[in-house]
Every structure is written in structure tokens, then in C-alpha cells.
Amino acid sequence: MNSSQDPAQVGQATDRGLPAAAAPANPAEPSSSAPAHSQVLRAILSQRQLRDSIRLTSPPSLRITLVAAAQAALTVLLAMVVARLSPWPHLVGFASLGALAALFGRFAPLSQRKRIVLLSAGLLTVAVLVQSLVSLAGAAPWLMLLALALITGAATWAVSHWVLGAPGAVIVSFAAGAALAPVSSWAVVADRGWATAAGGAIACLVCWATDWSRSAALPQLQLPAPVAMPMRDALMTAGRITLCAALAALIASAAGWQHPAWAAIGATAVMQGAHLHITINRALQRMAGTVVGAMLAGLVLSQQLGFWWVVALIVLLQFVTELVIGYNYALGQITVTPMALLMVYLVAPTTGGSMPVERILDTVLGAALGVVFAVVFSTLDDRRYLHQMHQK
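Residues numbered from 1 in each chain as written. Predicted model: local features only at pLDDT ≥ 70, side-chain atom pairs only at ≥ 80, totals over all residues. Heavy atoms only, no water.

Chemist: An account of the overall build of the protein is needed here, citing residue identities and associated values.
Modeler: On a plain count of helices and strands, the protein comes out with 16 helices and zero strands. Counting the 392 residues in the protein, one finds 55% classified as buried. For the protein, restricting intrachain contacts to residue pairs at least 6 apart in sequence, the fraction spanning at least 24 positions comes to 82%. When the accessible area of the protein is evaluated, it comes to approximately 16100 Å², of which 69% is carbon and sulfur surface. (Helix = DSSP H or I, 4+ residues; strand = E, 2+ residues; numbered from the N terminus. Buried < 20%, exposed > 50% of the residue type's maximum accessible area, 1.4 Å probe, protein only. Contact = heavy atoms within 4.5 Å. Areas by Shrake-Rupley, 256 points an atom, 1.4 Å probe, with all protein chains shown as cover.)

So this is what it looks like as C-alpha cells:
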């Protein structure tokens with residue numbers, strides 16, 4: 001992949017597993033003058049930007065995409081079944097959160113994939129434990145949301161420092177958000193932690209046992225070696241995401257919405273874009289896909305399905321998500337939204353009814369704030385490139 005690629009293709013690549021080095025570091029030669037932020041906002045609302053956001057692109061390897069989808073689905077299935085049949089069936093939701101470690105490193109060499117999945121499982125477990133400990137300490141709701149934002153920022157830095165790749169800190173933020181439910185004792189904290197770690201261990205075992213099936217396709221990718229972001233840039237990115245996630249969550253909480261963590265997750269997902277045009281595309285795609293996905297989730301939740309039906313749907317949606325999200329981020333959001341809501345339902349079964357509507361509201365808020373932050377903190381080169389794209 002080189003810098004002459006279409007920007008939409010670069011955006012789709014960075015969404016699901018290609019290294020950050022695959023995106024151009026300097027998308028275009030600087031023009032004589034930098035466009036104002038108002039011009040950037042007009043570009044965001046243009047038809048060109050909309051066309052870019054709905055464009056379909058092909059994943060780098062269909063074989064690896066299929067393998068990664070199967071690994072993710074199998075891991076989630078095993079984690080939920082094992083937890084359900086254990087003496088602790090109430091921890092099935094946290095086991096499934098740990099299983100999400102299987103999403104990381106799909107395009108990594110076999111030797112690196114083991115490290116990536118193991119570190120990702122550790123991040124998910126630490127996020128659940130830290131958020132649960134904050135709750136155990138009796139923190140006020142607004143402090144819980146600030147802790148979530150700090151966890152998200154720390155995860156952003158860790159993903160960059162350890163070069164873990166997509167799906168990035170948004171998955172860690174999702175796990176921490178699911179742990180916002182009140183904690184009454186150290187035993188509850190411990191249960192959440194080991195259940196998440198157990199799900200992560202299953203992810204490691206599944207990926208390590210089946211990664212041979214990716215080996216034939218890896219040499220054909222010819223991807224550049226992933227490079228860690230410079231420390232200063234990584235800290236600045238983590239700081240921006242922390243501030244945006246905190247603001248989104250606090251606004252959602254002040255509005256009386258029951259799941260303000262989703263606003264923080266939406267902001268994080270949008271701001272993970274490597275460049276401004278990718279961030280804007282991701283915001284549009286996330287909002288559109290979430291609206292459709294939330295409607296599907298509302299239909300499913302209204303059926304009051306039994307546990308095993310919910311498990312079957314989660315596994316199916318996990319497989320389809322990993323299969324289609326490389327083609328367009330919006331397609332992935334259509335399936336990942338009901339899957340995420342069903343996983344939250346397993347963690348906290350009493351939260352069912354209003355979740356789909358709140359998911360839409362929180363996502364729109366988080367995505368909108370993510371775009372605002374991305375524009376305000378954008379580089380001159382990013383704004384010039386976006387402006388030049390819309391002059392064609």
C-alpha cells in the first residue's frame with residue numbers, strides 16, 4: 001500500500017488491522033495557504049465527503065478476513081458457553097468482553113500475533129478491574145465517567161506504544177464502560193477480573209491454535225512494518241481523546257441518558273482515524289450504521305429471547321461484523337451495534353428497554369464531538385489535503 005492510494009481505501013485499512021504506517025504520513029504537498037476551519041466544516045458537509053463515506057473497498061486479503069471473523073466468533077462462543085456452564089453463569093458478559101482480544105492483530109505476522117492478543121487481553125482485564133475498583137471506592141457517577149475517559153486515554157497510548165493496531169482503544173473503552181455497574185464488594189471486583197481474563201485466555205488459545213490458517217496469505221500482503229508513534233505525538237493523541245471522551249460522557253450524563261459511556265466510546269472510535277478525512281468518514285459511517293443497527297437491536301430485544309438464542313445471535317453478528325467492516329465501516333456498525341447491546345444486556349439484564357434509542361443519541365453526540373475535536377486539533381497538512389480533495 002502506498003501514498004497514491006485513494007484516501008477512502010486508506011481509511012478502511014486503518015479501521016481493521018493494517019498498521020498506521022499504511023496511511024500516508026503527509027497526504028499532500030502543502031499549498032500556498034492553509035484553509036480556515038470554516039472551510040473544513042463546509043467540506044465535511046459536502047457531497048464529496050458523503051460519497052467517500054459510502055464507498056466500498058476490498059479488504060487486503062479475503063482469506064485473512066474470513067479467518068479473523070471465524071476466530072472472533074469462535075472465541076466469543078467458547079467464552080460464553082464456558083462461563084454459562086461454570087458455577088458462575090452470571091459472569092458470562094465479562095468473559096465475552098475478554099474474548100474481544102481476538103479482534104486484534106489480524107494482519108500481524110504469526111510470531112507477533114501471540115504478543116498482540118496477549119497484551120490486548122491484559123488491557124481489557126485491567127480496564128474492567130480499574131473501573132470496578134473506582135466503583136468500589138464509592139466514586140460519584142461523574143468521577144466514574146472521568147475514570148472511563150482516563151482509561152480510554154491510557155489505552156490509546158498503550159495501543160500506540162505496543163503497536164497493537166485496530167480495533168484500538170475503542171474496544172478497551174467498551175469493556176470499561178460495561179464495568180460501570182455498581183460494585184458492592186472486593187469479591188465482585190475479583191469475579192469480574194478473572195472472568196474477563198478467562199475470556200482473554202480463550203482468545204489467546206483460539207488464535208494461537210488456528211493462526212496457521214493465515215500463514216499462506218500473509219506473504220502476499222506486502223505491508224509496511226508497523227511503527228510506534230513518537231512518544232510526544234502518542235501522549236498528545238491520548239490527551240485529546242481523553243478530553244473528548246470525558247466531555248461526551250459528561251454531556252450525555254447531564255442530559256439524563258442512562259448509558260453515557262457510549263458517547264465516550266463513539267468519540268473514541270471517531271478520533272482514532274489516522275487523518276482528518278478518515279475521521280470525518282468514520283463519523284458519518286458510525287452514525288448511519290448505528291441508526292440501522294439500533295433499530296435491529298430494538299427488534300431483537302423486544303422478542304425477549306432466551307439466553308442461548310442471544311448467544312447464537314452474538315456469535316453470528318460477531319462473524320458478520322468482522323467479515324464486512326473492512327468493506328465499509330458503516331456496514332460493520334449495522335451488525336456491531338446489536339451485538340454490543342446484546343453483550344451489555346448479558347452483563348446487566350435490567351438495562352434492556354431504552355438501549356437502542358440511547359445508543360443512537362450517544363453515538364451521534366460522541367461522533368459529533370469527535371469531529372469537532374479532530375478539526376480543532378487538525379494539522380495544516382490535513383486541512384490542506386481535505387480542502388484539495390474537495391476542489392477536484
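Chemist: An account of the layout of surface pockets is needed here, citing residue identities and associated values.
Modeler: Roughly 550 Å³ of internal volume is contained in the second largest pocket. Leu-180, Ala-181, Gln-258, His-259 and Pro-260 are the residues nearest the centre of the second largest pocket, which is lined by 23 residues in total. The set of elements that each furnish at least two residues to the lining of the second largest pocket consists of α7 (141-161), α8 (169-178), α11 (261-271) and α14 (329-347). Residues that form the lining of the second largest pocket fall into these classes: 17 nonpolar, six polar and no charged. (1 Å grid on protein atoms, 1.4 Å probe; cavity = no way out; pocket = protein on both sides within 12 Å on 5 of 7 lines; lining within 4 Å. Points joined across faces, edges and corners; volume = space filled by probe spheres on them. Nonpolar A, V, L, I, M, F, W, Y, C, P; charged D, E, K, R; others polar.)

Chemist: Describe empty space enclosed by the protein, listing the residues and the values that go with them.
Modeler: Summed over all chains, the structure comprises two cavities of 30 Å³ or more. Roughly 310 Å³ of volume is contained in the largest cavity. What lines the largest cavity is a set of 24 residues, among which Val-170, Ile-171, Arg-286, Gln-333 and Val-336 lie closest to the centre. The class makeup of the residues in the lining of the largest cavity is 14 nonpolar, four polar and six charged.

Chemist: So, the nonpolar core: which residues are in play, and what are the values?
Modeler: Formed by 76 residues in total, the largest nonpolar core has its most connected members in Met-80, Phe-94, Leu-100, Phe-174 and Ile-314. The element contributing the most residues to this core is α14, with ten residues. With near-sequence residues (within four places) excluded, Phe-174 lies in contact with Leu-97, Leu-100, Ile-265, Ala-340, Met-343 and Val-344. By size, the runner-up hydrophobic cluster in this structure holds ten residues, among which are Ala-248, Ala-252, Ala-267 and Leu-365. (Core = buried A, V, L, I, M, F, W, Y, C linked by side-chain atoms within 4.5 Å.)

Chemist: Break down the environment of His-259 for me, citing the residues and quoting the values.
Modeler: With respect to the element layout, His-259 can be found in the loop between α10 (231-254) and α11. Taking the C-alpha atoms as reference, His-259 lies 9.9 Å from Leu-361; in sequence the two are 102 residues apart.

Chemist: Lay out the pattern of salt bridges in plain terms, naming residues and giving numbers.
Modeler: The tally for this structure, following the rule as stated, stands at three salt bridges. Two residues, Glu-322 and Arg-106, come together in a salt bridge whose shortest N-O distance is 2.4 Å. A residue pair is termed long-range when its members are at least 10 positions apart, and Glu-322 in helix α13 (residues 307-324) and Arg-106 in the loop between α5 (92-99) and α6 (110-136) qualify at 216 residues. Judged on exposure class, the residue Glu-322 and its partner Arg-106 are both buried. When the shortest N-O distance is used, the salt bridge between Asp-211 and Arg-214 registers 2.9 Å. Several salt bridges converge on common partners, so that one network encompasses Arg-113, Asp-211 and Arg-214. (Salt bridge = Lys/Arg side-chain N within 4 Å of Asp/Glu carboxyl O.)

Chemist: Let's hear about the packing of α10 against α11: which residues, and what values?
Modeler: In contact at an axis separation of 7 Å, α10 and α11 are set at 150° when each is read in the N-to-C sense. By the angle class used here, α10 and α11 are roughly antiparallel. Between α10 and α11 lies a crossing of right-handed hand. Across the interface between the two elements, Arg-240, Ile-241, Cys-244, Ala-245, Ala-248, Ala-249 and Ala-252 of α10 pack against Ala-263, Ala-264, Ala-267, Thr-268 and Met-271 of α11. Of the residues contributing to the contact of α10 with α11, the split by class is ten nonpolar, one polar and one charged. (Axes fitted to C-alpha atoms, helices over the stretch in contact; angles between N-to-C directions. Parallel < 35°, antiparallel > 145°, perpendicular 65-115°, else oblique. Left-handed = near helix turned anticlockwise from the far one by under 90°.)

Chemist: So, α13: which residues are in play, and what are the values?
Modeler: Between its first and last C-alpha atoms α13 spans 26 Å; for 18 residues at 1.5 Å apiece the expected length is 26 Å, and the two agree. Looking at the buried positions of α13, the neighbouring elements they touch are α4 (62-85), α5 and α14. (Expected span 1.5 Å × (residues − 1).)

Chemist: I'd like a description of the environment of Leu-91, backed by residues and values.
Modeler: Relative to the helices and strands, Leu-91 resides in the loop between α4 and α5. Between the C-alpha atom of Leu-91 and that of Val-188, which follows or precedes it by 97 residues, the distance is 9.9 Å. Apart from the residues lying within four places of it in its own chain, the contact partners of Leu-91 are Ala-83, Asp-191, Arg-192, Trp-194 and Ala-195.

Chemist: Before we move on, could you go through a nonpolar patch on the surface and cite the residues and values that matter?
Modeler: Together, Val-291, Val-292, Met-295 and Leu-296 make up an exposed nonpolar region whose accessible area comes to about 320 Å². Among the structural elements, Met-295 can be located in helix α12 (residues 276-302). Classification of Met-295 by relative accessible area gives exposed; the value is 55%. (Patch = residues over 30% accessible without salt bridge, like charges linked within 9 Å, V, L, I, M, F, W, Y side chains within 5 Å.)

Chemist: Give a detailed account of unusual backbone geometry, specifying residues and quantitative values.
Modeler: Omega for the bond connecting Ala-166 with Pro-167 falls within 30 degrees of zero, at 5°, which places this linkage in the cis form. Checked against the element boundaries, Pro-167 lands in the loop between α7 and α8. Phi at Val-163 takes a positive value of approximately 55°, unusual for a residue other than glycine. Relative to the assigned elements, Val-163 resides in the loop between α7 and α8. Judged by relative accessible area, which is 25%, Val-163 ranks as partly exposed. For Gln-304, which is not a glycine, the phi torsion comes out positive at approximately 50°. Within the secondary structure, Gln-304 sits in the loop between α12 and α13.

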